[in-house]
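Listed below are the residues making up each chain.
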Amino acid sequence: MKKLLSLVLVLSVMLGATSLALAQGPSGELEIFSWWAGDEGPALEALIARYSEINPNVEVINATVTGGSGVNAKAVLKTRMLGGDPPDSFQVHAGQELIGTWVVADRMEDLTPLFEEQGWMEAFPQGLLDLISTDEGIWSVPVNIHRSNVLWFVPSKLEEWGVEVPASWADFLAICPTLKEAGVTPLALGENWTVNHLWESVALSILGADGWNGLWDGSVSFTSPEAVAVWDTFGQVLDCTNEDAASLSWQQATDMVVGGTAAFNVMGDWAAGYMVTTLGLVPGEGFGWAAAPGTDGVFMMLSDSFGLPVGAKNRDAALAWLTLLGSAEGQDIFNPLKGSIPANLGGDVTNGDLYNPYLQSAAADWASNTIVGSLVHGAVAPESFTSNFATVMEIFLTSRDATATANAAQAVALQSGIGA
Ligand code: GAL
């Protein structure tokens, strides 16, 4: 009898502990891996702060590797993934960067159950769900929508220099000499990847949305006359940029515009996040924006997402992380600081107390424009193409030969299976 009593006691203590643990949620360490360090950090840090409130027993390790567009982080991630040491969750662009790299290699967990449980099949736009899915599953949770093709400037400065916001690259090239004569850099440019970033806006303007899409579905060759023409215009645009570009981060290129030493900059709208959250500028006054020349009506999108790698050490804590970042609540914490709009349709994007005028205008364009995907930020082409595109760009920068560069781009496209 005594034995039975103590067994009942032990069992009830065990059950109590289990339900306590369930009530307390996940515990242990959660390593979140991204390139949102320093100036890029506040949005992620705010989301982590909320996560820690909801999951007080989890110790979050915010592992960042500095470098815009993930130039350094992606290499570190590759080493870790291949070495069997995945972080619990990592930043990856929706689209081919996710699917063509980690999904084809069977390194990600299918998140369909999470999407179903959270009602996310209806909460995200279908086009975005398509970017993160294959027939076998859904592979990441999008936290935002960023726009690649944005032109930034300071309205009062343009007035001072007597120039208008260029509606096309031809307009821009026409005011380039005026700005140079005024001692102003017409277009601020930064390190390598920002050169590719500029290229994708120039290409979109020359090819249009259909032509741009055609590069990735193989219906438009890189050697077609209009694709060769992209390089000609691009070369002329480059002649209107600063000579020290290679040594500047994207933030430093933005600083040139804000500080009045450059007139324009083409950058994704994380630049709005930087100018508002870090520099404290007021949208519309401290800085203005327009679609990159010749791309009005087209929204070149990219989406930052986080996934659950196979073998994550703290899967429960990672699932709780994904649950928060995919939720409308999480997205409304993150995006106003980041310069992006919520991917979750339940986000409160019309709330002017949360989302500033730039973000409201981005949301309106997202809802009404033709949507295409970014090359540089992982949406349209596999990593093999994106990384080899650096070599293609190098050929152009050293030779300025549009035809030779176009031929190299076509060879890289074929190697990567684009258009095959
Ligand atoms: C992009 C990323 C943005 C921002 C930017 C600059 O690839 O999607 O969220 O971080 O790089 O680093």
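A quick note: this is a predicted structure, and the numbers were derived from the prediction, not measured. (Residues numbered from 1 in each chain as written. Predicted model: local features only at pLDDT ≥ 70, side-chain atom pairs only at ≥ 80, totals over all residues. Heavy atoms only, no water.)

J.: Could you give an account of the overall build of the protein, naming the residues involved and the relevant values?
T.: Within the protein, the regular secondary structure consists of 17 helices and 14 strands. For the protein, the C-alpha atoms occupy an extent of roughly 100 × 45 × 35 Å along the three principal directions. Expressed as a percentage of the 420 residues in the protein, the buried residues total 55%. Partitioning the intrachain contacts of the protein with sequence separation of at least 6 by distance along the chain shows that 77% fall at a separation of at least 24. Counting every atom, the protein has about 17,000 Å² of accessible surface; 55% of that belongs to carbon and sulfur. In the protein, which carries 14 positive and 47 negative side-chain charges, the distance between the mean positions of the two groups comes to 13 Å. (Helix = DSSP H or I, 4+ residues; strand = E, 2+ residues; numbered from the N terminus. Buried < 20%, exposed > 50% of the residue type's maximum accessible area, 1.4 Å probe, protein only. Contact = heavy atoms within 4.5 Å. Areas by Shrake-Rupley, 256 points an atom, 1.4 Å probe, with all protein chains shown as cover. Lys, Arg positive; Asp, Glu negative; His and termini not counted. Charge placed at Lys NZ, Arg CZ, Asp CG, Glu CD.)

J.: Describe unusual backbone geometry, naming the residues involved and giving the relevant values.
T.: One non-glycine residue, S69, lies in the positive phi region at around 60°. The class of S69 is buried, set by a relative accessible area of 9%. The phi dihedral of D106 is positive, around 60°, even though this residue is not glycine. Examined against the element boundaries, D106 turns out to sit in the loop between α4 (96-103) and α5 (112-118). With relative accessibility at 63%, the residue D106 sits in the exposed group.

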